[in-house]
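A closer look at the structure
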Amino acid sequence: MDRKKVVKLLNQALTLELATYIRYSTQAAVLTGPYSVTIGDKLKQMAAEELRHADLLRDRLVALGERPTTEVADVDVGNKLKKMLEININVERKAVEIYKLLMRLVPKDESIVLYETVEDILCEEEKDLEDLDRLIE
Ligand SMILES: [Fe+2]
Ligand SMILES: [Fe+2]
């Protein structure tokens, strides 16, 4: 396993998870309009999930003997719902790319915990993408 590359990608994913947590929570708080309650609740739910992903990534980094980053990727919240959803879809796509790369870099027999953690997060990010695609008009 290319340990250095894996650590770099795990940290990069962590900065995105942190930013996404902040973005979803903020969007849920500032959203207005007829769908603000339903979509706001969905965004809050997703924010909690991203926070959990960040925790999982930190644990994997520590298990690899690394210190997890505290850096946060750019947080672009957006003003109107459509723009918010577009931003979210773009960042989820970026996250999916990173997790897919990680899946290729982590041999299953080297660390099943790391492998399955990445696989589980990837599943949830793909589901996020499906949900966001359906919310967009
Ligand atoms: Fe996530
Ligand atoms: Fe996500």
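Up top you'll find the structure we're talking about.
Residues numbered from 1 in each chain as written. Chains lettered and ligands numbered in written order. Predicted model: local features only at pLDDT ≥ 70, side-chain atom pairs only at ≥ 80, totals over all residues. Heavy atoms only, no water.

A few points about the packing of helix 1 (residues 3-30) against helix 2 (residues 36-63)
We apply this condition: Here the axes come from fitting lines to C-alpha atoms, over the contacting stretch only for helices, and the angles between their N-to-C directions go from 0 to 180 degrees. Each helix is a run of DSSP H or I of at least 4 residues and each strand a run of E of at least 2, with the numbering of both proceeding from the N terminus. Any angle from 65 to 115 degrees is called roughly perpendicular, while one under 35 is roughly parallel, one over 145 is roughly antiparallel, and all others are oblique. In this scheme, a crossing is called left-handed if the near helix is turned counterclockwise away from the far one by less than a right angle; it is called right-handed if the turn is clockwise. By the convention adopted, Pro, Cys, Tyr, Trp, Phe, Met, Ile, Leu, Val and Ala count as nonpolar, Lys, Arg, Asp and Glu as charged, and the other residues, Gly among them, as polar.
Put simply, helix 1 and helix 2 touch, their axes get as near as 8 Å, and they point 155° apart. As far as their axial angle goes, helix 2 and helix 1 are roughly antiparallel. The handedness of the crossing between helix 1 and helix 2 comes out as left-handed. Looking at side-chain class alone, the contact of helix 1 with helix 2 contains 15 nonpolar, six polar and five charged residues.

Observations regarding the nonpolar core
Note the threshold: Only buried residues count toward a nonpolar core, which is a set of Ala, Val, Leu, Ile, Met, Phe, Trp, Tyr and Cys residues joined through side-chain atoms within 4.5 Å. Exposed residues in this analysis have more than 50% of their type's maximum accessible area, buried residues have under 20%, and partly exposed residues fall in between, with area computed by a 1.4 Å probe over protein chains only. In what follows, a contact means two residues having at least one pair of non-hydrogen atoms within 4.5 Å.
With 41 residues, the main nonpolar core has Val6, Leu10, Leu57, Tyr99, Leu102 and Leu114 as its most contacted residues. Of all the secondary-structure elements, those providing two or more residues to this core are helix 1, helix 2, helix 3 (81-105) and helix 4 (112-135). Element by element, the count of residues in this core is highest for helix 3, at 12 residues. Residue contacts for Tyr99: discarding those within four places in its chain leaves Ala13, Glu17, Leu57, Val118, Ile121, Leu122 and Glu125.

Some words on the coordination of the iron ion (ligand 1)
Going by this rule: Distances define the donors: N, O and S atoms within 2.8 Å of the metal qualify, as do those within 3.2 Å of Na, K or Ca. Water is excluded, so some sites may look unfinished.
Distances from the iron ion (ligand 1) to its protein donors, Glu17 (OE), Glu17 (OE), Glu50 (OE), His53 (ND1) and Glu125 (OE), fall at 1.9 to 2.4 Å. All donors of the iron ion (ligand 1) come from a single chain, and their spacing in sequence reads E-x32-E-x2-H-x71-E. In this structure, the iron ion (ligand 1) lies 3.7 Å from the iron ion (ligand 2), and both are coordinated by Glu50. Taken together, the residues span a long stretch of sequence, with His53 in helix 2 and Glu125 in helix 4 at a distance of 72 residues.

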